[in-house]
Amino acid sequence: MVDTKEFIETTMVEIKEIVGNDKVISACSGGVDSMTATYLVHKAVGDNLIAVFINDGLRREGEPEFVVENLRKWGINTRSIDAKKEFFQIFKGKIDAEEKRKAFRDKFYKIFGKVAKEENVKIIVQGTIKADILETVQGIKSQHNVLEQIGIDPQTYGYSIIEPLKELFKPGVRKVARELGLPKEISERMPFPGPALSLRVLGEVTPEKIAIVRKATQIVEKETLSLGTFQNFAVLHNDKATGIKNGKRVYGNIITIRVVVSEDAVTAKAKEIPYETLFKIANRITKELPTVVRCLYDITDKPPATIEFE
C-alpha cells in the first residue's frame, strides 16, 4: 500500500474531480469501511455529501443509534431510513445463502435508487474493499456491495458509484481511519457484513430469529472482547435439537460460536480460546435465551470454510 497520507490526499482530489459541485450520497452501514469512506468523502466535498443509513432490522444491538449519532456528531448531513418491513419481506421463503444475499443486494440498491431520485443525486459512495471484490469475482460468495466488477451496471438503479477504498484490504482501511482521526470505536470496529445478521441465520430469515442471534452475538462479542481477534459472532442454526429447560424436554435452537484470527479476511484461522470462556458464553446464551438448548464452537479455518456461514 502507498503512504496513507498520500492515499488520502490523492483520493480526495479524485473525489472532488468526480463530484464537482454536485451532491453525493454515501451508503453508511456503520462498519469501519463505510464509515471511513463516508468521512473521507465528507472531507473532500463537505456539505455536498448526504450520509444515508438504512435501518434494515438486521443490525447489532444499538447499532442504528450508534451510526446516526456519530455521523451527525461529525457534522455530516444524515438520513436514517426505516426499511425493516421491506427487508424482512424479501427473505420470505428463501433458504439458499446466495439467493438471500442477492435479494438483499437488489433491495439495498433499489432503496438507494429511490433516495437518489428524491435528493436529485446521480452518484453514490460505498465502502467496498478489495476482499469484497475478490470473493465475489471468484464466485466464493456474492458481496452485496459489488456490482460493476461482476457486470452489473449501477445505472440500472439510477446512479453511478464511487468506491474510494476498493484497492485496500481491511488493515489498509484501518490505517486510513486512524490517519483521518476517527475514534477507536470506529477504526478498530470488528468487521460486520453488509447484509448483517441475515448471514448468521441459517434458513429463512425472520424477525424472531434475528432477535435471537442479535442477543447471542452481543454476548459473544462482550465475552471475547479481550481476545483481540478479527471477528467474533454467533450463528443460529435452522435445525433444532433436544434439550432440558426447567426439568422438561425442550426441542430448541442451536447456536454456533465463531471466533477467528485474520489479517485481510481472505484467509482466517479459528482461534483456540480458553474453555472457561466458552463455558461462560454457552451458559449465558442458554440462560438468557430461553429457546436455545445447545451451543457449539466452530474450529474450522478459512479455507475450507468461509468466515461467515451464509
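The rules behind the values
- Per-chain numbering applies: the sequence of each chain, read as written, is numbered from 1 onward.
- A pLDDT threshold of at least 70 governs which residues receive local features in this predicted model, and a stricter bar of 80 or more applies before side-chain atom pairs are shown or counted, although totals over entire chains, interfaces and linings include all residues.
- Side-chain figures throughout are based on the complete set of non-hydrogen atoms in the structure, without hydrogens or water.
- Put simply, DSSP H or I for four residues or longer makes a helix, DSSP E for two residues or longer makes a strand, and each gets a number counted from the N terminus.
- Summary of the burial criterion: residues with accessible area below 20% of their type's maximum are buried, those above 50% are exposed, and those between are partly exposed, where the area comes from a 1.4 Å probe applied to protein chains only.
- Pairs of residues are marked as contacts when any of their non-hydrogen atoms sit within 4.5 Å.
- For this analysis, a salt bridge means a side-chain nitrogen from Lys or Arg found within 4 Å of a carboxyl oxygen belonging to Asp or Glu.
- In short, DSSP must find at least two bridges between two strands for them to pair.
- Only C-alpha atoms enter the line fits that serve as axes; for helices the fit covers just the stretch in contact. Angles between N-to-C directions range over 0 to 180 degrees.
- A patch consists of residues exposed above 30% relative accessible area that lack any salt bridge, with like charges linked at up to 9 Å and nonpolar side chains (Val, Leu, Ile, Met, Phe, Trp, Tyr) linked at up to 5 Å.
- Only the protein chains shown count as cover for residues, and all accessible areas are computed by the Shrake-Rupley method using a 1.4 Å probe.
- Counted as positive: Lys and Arg. Counted as negative: Asp and Glu, with His and the chain ends omitted from the count.
- Charged side chains are reduced to one point each, which is NZ for Lys, CZ for Arg, CG for Asp and CD for Glu.

(A) Local environment of the side chain of Asp33. For Asp33, the position within the fold is in helix H2 (residues 32–45). What makes Asp33 buried here is its relative accessible area of 12%. Ignoring anything within four residues of it in the chain, the contact list for Asp33 reads Gly127, Ile129, Leu165, Lys170 and Val173.

(B) Here's a closer look at the pattern of salt bridges. Counted by the stated rule, this structure contains 19 salt bridges. With its nearest N and O atoms 2.8 Å apart, the salt bridge here joins Lys170 to Asp33. Placement of the pair is Lys170 in helix H7 (residues 170–179) and Asp33 in helix H2, with a sequence separation of 137 residues. Like Asp33, Lys170 is buried. A salt bridge links Glu86 to Lys107; the shortest N-O distance between them is 3.7 Å. Of the two residues, Glu86 is situated in helix H4 (residues 84–90) and Lys107 in helix H5 (residues 97–119); the sequence distance between them amounts to 21 residues.

(C) Representation of the sheet that holds strand S3 (residues 77–82). Read across the sheet, five strands follow the order S3-S2-S1-S4-S5 without closing on themselves; strand pairing throughout is parallel. Of all strands in the sheet, those with a lone pairing partner are S3 and strand S5 (160–162), marking the two edges. With direction set aside, neighbouring strand axes in the sheet form an average angle of 30°. One ladder, built from four bridges, connects strand S1 (residues 24–27) with strand S2 (residues 49–55); its direction is parallel. The residue of S2 that forms the bridge with Val24 is Leu49. Against the sheet, H2 touches S1, S2 and strand S4 (123–125), its axis set at about 160° to S2. Of the strands in this sheet, S2 and S3 touch helix H3 (residues 63–73), which is tilted by about 170° from S2.

(D) Just a negative patch on the surface, in detail. On the surface, a cluster of negative charge is contributed by Asp3, Glu6, Glu9 and Glu179. Locating Glu179 in the fold gives a position in helix H7.

(E) Fine view of unusual backbone geometry. Residues Lys302 and Pro303 are joined by a peptide bond in cis, for which omega reads -15°. Here the amide bond leading from Pro303 into Pro304 is cis, since omega sits at 15°, within 30 degrees of zero. Among the secondary structure elements, Pro304 is positioned in the segment after strand S9 (292–297). Even without being glycine, Asn120 reaches a positive phi, approximately 55°. Residue Asn246 is not a glycine yet carries a positive backbone phi of 55°.

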